[in-house]
Amino acid sequence: MAVYLILTLLCLSLALLVRKRQVNTGRLLAVYQGMTRQDMVNLIAIFVIFTALFAVSALRLNVGNDYAKYVEFMHLVYSHAYVPTEAGFNAVTYAIYYLCGFENYILVFAVFAFFTLWFFIKGMWQQSEWFTFSFMMFMLLGYYFQSISTVRYYLALGMALYSIRYVLKGDFPRFLLMILVGALFHKSILVVLPLYILAMLPWKKWMMLLAGAFCISCLFLQDLYLKIVIILYPSYKDTEYLSGGTSVVNIVRCAAVLAFSLYLYRDVIKDNRTYSFYFWCNNMALALYIFGSFLPIISRIGYYLTVTHILFVPALILKVKDDKKRQLITVASVIVCLLYFAMYMRGAANDGVRVLPYQTFLFHEMPMTLSERGY
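Here goes a summary of the coordinates provided. These numbers come from a predicted model, not from an experiment.

A closer look at the packing of helix 8 (residues 151–169) against helix 9 (residues 172–183)
In contact at an axis separation of 9 Å, helix 8 and helix 9 are set at 175° when each is read in the N-to-C sense. Considering their axes alone, helix 8 and helix 9 lie roughly antiparallel with respect to each other. The segment helix 8 lies against helix 9, with A156, M159, Y162, S163, Y166 and V167 engaging F172, R174, F175, M178, I179, V181 and G182. When the residues that make up the contact of helix 8 with helix 9 are grouped by side-chain class, the tally is 10 nonpolar, 2 polar and 1 charged.

Looking at unusual backbone geometry
Here L356 and P357 are connected by a cis peptide whose omega angle stands at -5°. Mapped onto the elements, P357 comes out in the loop between helix 18 (323–346) and helix 19 (370–373). A positive phi is found at N62, a non-glycine position, where the angle reads about 55°. Examined against the element boundaries, N62 turns out to sit in the loop between helix 2 (37–58) and helix 3 (67–78).

Describing the packing of aromatic side chains
On inspection of all chains with the given rule, the structure shows 37 aromatic pairs. Judged by centre distance (5.1 Å) and plane angle (40°), the rings of F120 and F138 are tilted. You can see F120 sitting in helix 5 (residues 105–127) and its partner F138 sitting in helix 6 (residues 131–140), a full 18 residues away along the chain. In terms of burial, F120 and F138 fall into one category: buried. Between W203 and W280, the aromatic rings sit 4.7 Å apart at their centres with planes inclined by 15°, giving stacked as the arrangement. Taken together, the positions of W203 in the loop between helix 10 (192–200) and helix 11 (205–217) and W280 in helix 15 (residues 273–291) put the pair 77 residues apart, joining distant regions of the chain. Given a relative accessible area of 18%, W203 falls into the buried group. Note on W280: relative accessible area 11%, which makes it buried. Counting every residue linked through ring pairs, the aromatic cluster contains Y67, Y70, F89, Y105, F109, F112 and F185. The side chain of K20 reaches across the aromatic face of W125, ending 5.3 Å from its centre. Directly above the ring of Y153 sits R300, whose terminal nitrogen or CZ lies 5.4 Å from the centroid.

Notes on helix 15
For helix 15, which comprises 19 residues, the first-to-last C-alpha distance of 27 Å matches the rise-based estimate of 27 Å (1.5 Å per residue) to within 8%. Its side-chain oxygen placed 3.0 Å from the backbone nitrogen of T274, N272 serves as the N-cap of helix 15.

A look at the side chain of T116
Secondary-structure assignment places T116 in helix 5. The contact partners of T116, leaving out residues within four places of it in the chain, are S147, V151, Y154 and L155.

A few points about the nonpolar core
Residues L53, F135 and Y196 are the most contacted members of the largest nonpolar core, which totals 124 residues. Sort the elements by how many residues they give to this core and helix 8 lands first, with 14 residues. When residues no more than four places from it in sequence are discounted, the contact partners of F135 are C11, L12, A15, I49, L53 and M124.

Criteria and cut-off values
Residues numbered from 1 in each chain as written. Predicted model: local features only at pLDDT ≥ 70, side-chain atom pairs only at ≥ 80, totals over all residues. Heavy atoms only, no water. Axes fitted to C-alpha atoms, helices over the stretch in contact; angles between N-to-C directions. Helix = DSSP H or I, 4+ residues; strand = E, 2+ residues; numbered from the N terminus. Parallel < 35°, antiparallel > 145°, perpendicular 65-115°, else oblique. Contact = heavy atoms within 4.5 Å. Nonpolar A, V, L, I, M, F, W, Y, C, P; charged D, E, K, R; others polar. Phe/Tyr/Trp six-rings, centres within 6.5 Å; stacked < 30°, edge-to-face > 60°. Buried < 20%, exposed > 50% of the residue type's maximum accessible area, 1.4 Å probe, protein only. Lys NZ or Arg CZ within 6 Å of the ring centre and 35° of its normal. Expected span 1.5 Å × (residues − 1). Polar contact = N/O pair within 3.5 Å; in protein donor to acceptor, adjacent residues only side chain to side chain. Core = buried A, V, L, I, M, F, W, Y, C linked by side-chain atoms within 4.5 Å.

Take a look at the structure:
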C-alpha cells in the first residue's frame, strides 16, 4: 500500500501546480500562443504525473483481479485458440507477441496502461475547467487503481470520457468512430451511443414522464428485460453475471451530485449545453442504479455515465458565487473523496479488486497459469 500512497501524494502535489489558461486551445503545449512560464510548469507537472502513474502500472506483476486470466487469454490468442475477448485486444496481443518473439505479456499490459492513462489525462485536460480537482477525483475515487484491475474496460472508459468532447461539439462521425474503436477492446462501450445522445437532448416534460414510466416498468418486467439482455449478450446466459446487483455508494454519490446541481440549475445548468449533458448523465446513472439493479454488470454501464462527475463537480464548484459556500463545498468534496479512497484501499486486496499487494516483475515472478499447470 505504501507504493500507492506515495504515488497518490506525489501526483496530487504535482497537480496543484497545474493552472489552465482562461482561453484554452486544448493543447498542453501552447505552441501557437507562445509558451509562458505556467505553460512550462503545466507541461512538466503533467509529464511527471503521467510517467509516475504509467511506471507503477507498467512495472506491476500479477496485480489486478484479472491479471492471471489475461495472461492465460494472451497465451490462447498466440496459440490461435478461441478466447472470449474482443478483436482489438487479440490483435494487439498477437502483434506484440509476434514482434517480441515470445509471450511478452508485461509489454501488453504496459501498452494498455499507456493508452488508458493518455485518454483519461488528455480528456481531463481538454474538458475540465479545474484540472487539479478533476485529477484529484480521478485518483481518490479509484479510477486509476481500477484501471490496474480491469484493463480492457478502463481503456474503453477512458475513450468514452475522451469522446465526450465530440458529442458536445456535435461531431458525431468522430464520436461514432471513437466508440467503434473502443468496442474492439470492450464492447460494453457501445452503450454510450444511445446514452450520450439521450443526455444531449433538450428534455421536455413528456420525455421525463416517458422515462419515469420506463423506470417503473423495470419493477414489473425484469424477466422480459433480462431476456432482451441475453439476446444482446448470449454469453451471459446461465452465468453469475445475470445475478445483477447495485451499489448504495453510487446511489448516494449520484443523489449528492443531483442535489448540488439542482441548487445551481436555473443559473448555471439550464441554458448550458455542456452542463446539461453532465446533468442528464448523472440523472440516468441514478435511475439505472435504483431501477436497473437486476441488470447484469450494472456498474459497468453506470460508470460510463458517472465518469462525467470528474468534469461536472469541479465546474459546479467554480460556479458557486459565494466565496464561503464555495470553500465549504470544496473542503466537503475533498473529505468525501478521501473517505472513499480510504474505503477503497481497505478492500483493495479483496477478490474482485486485488490491486494489493503490489508486486513488480523486477522482484517477483509470475505464478504458473492454467495452461502451464496443465489442469
